[in-house]
Amino acid sequence: MPLCPSARPETKNSAVFGVVGGTVDEPRVNYLKQPQPVTEDLLSVASPVTPTEVFRIAGECAGNGCQHFDGQNCGLATRVANQLSVATETLPPCPIRRDCRWWQQEGKSACMRCPQVITDNYNPSLLDRQVATPT
């Protein structure tokens, strides 16, 4: 089962694989060496904001249960790969790449943009909103 790199904490088999850093205008994910299972204690570290403002969480892809999935592909992965600017010149040291749906579907193009993706971004640009909106 592929992993969604933009999952919610309650997603089946979810794990934190990155921590959001950078600035409000230019957030960047710092990847962990090993994913950490989601626990209440880990999620509480994000308080008072939501865990998905602070952490990137991977979990089992919901497939047809997800608004971004068209039956074959993840539309979010396609929009990230095709619409966002490159965030890094080298592949980030991502601990979930091997199992990541975005990597499996879009390859290097998605990975080069992934560090700027924040699951719950309360200060999104117009482009961020367009990319996040299912078509």
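Structure: see above.
Each chain carries its own residue numbering, running from 1 in the direction its sequence is written. In keeping with the model being predicted, local features are shown solely for residues with a pLDDT of at least 70 and side-chain atom pairs are shown and tallied solely at 80 or more, while totals for entire chains, interfaces and linings include all residues. Side-chain measures here rest on the full set of heavy atoms in the structure, leaving out hydrogens and waters.

Bridge count for strand β2 (residues 15-22) against strand β3 (residues 27-37) is seven bridges, and the pairing is antiparallel. If you follow Gly18 over to β3, its bridge partner there is Tyr31. Strands pair, by our definition, only if DSSP identifies at least two bridges between them. Strands here are runs of E lasting at least two residues and helices are runs of H or I lasting at least four, both read from the DSSP assignment and numbered beginning at the N terminus. Taking the residues that link successive antiparallel strands as the turn, the β2-β3 hairpin has four residues. In the sheet, β2 pairs with strand β4 (residues 55-60) via four bridges, with the strands oriented antiparallel. Pairing of Ala15 across the sheet is with Ala58, part of β4.

A few words now on the nonpolar core. Counting residues in each nonpolar core, the largest one holds 20 residues, and the members touching the most others are Phe17, Tyr31, Leu76, Val80, Ile96 and Trp102. Sorting the residues of this core by element identifies β3 and α3 (75-83) as the ones contributing at least two each. Considering every element that reaches this core, the biggest residue donor is α3, with four residues. Throughout, a residue-residue contact means that at least one pair of heavy atoms, one from each residue, lies within 4.5 Å. In this structure, Trp102 is in contact with Pro5, Ser6, Arg56, Cys74, Leu76, Ala77, Val80, Gly107, Ala110, Cys114 and Val117, ignoring residues within four places of it in sequence. The nonpolar core is taken to be a set of buried Ala, Val, Leu, Ile, Met, Phe, Trp, Tyr and Cys residues, with the residues joined through side-chain atoms within 4.5 Å. Buried residues are those whose accessible area, probed at 1.4 Å on protein chains only, stays under 20% of the maximum for their type, while exposed residues exceed 50% and partly exposed ones sit between those limits.

It is worth spelling out the packing of aromatic side chains at this point. A pair of Phe, Tyr and Trp rings is counted when the ring centres sit within 6.5 Å of each other, with Trp represented by its six-membered ring. The angle between the planes then sorts it: under 30 degrees is stacked, over 60 is edge-to-face, the rest tilted. For the structure on display, the rule yields one aromatic pair. In our convention, an over-ring charge means Lys NZ or Arg CZ found within 6 Å of a ring centre and within 35 degrees of that ring's normal. Across the ring face of Trp103, the terminal group of Arg97 is positioned such that the distance to the ring centre comes to 5.5 Å.

Purely geometric numbers; function is a separate question.
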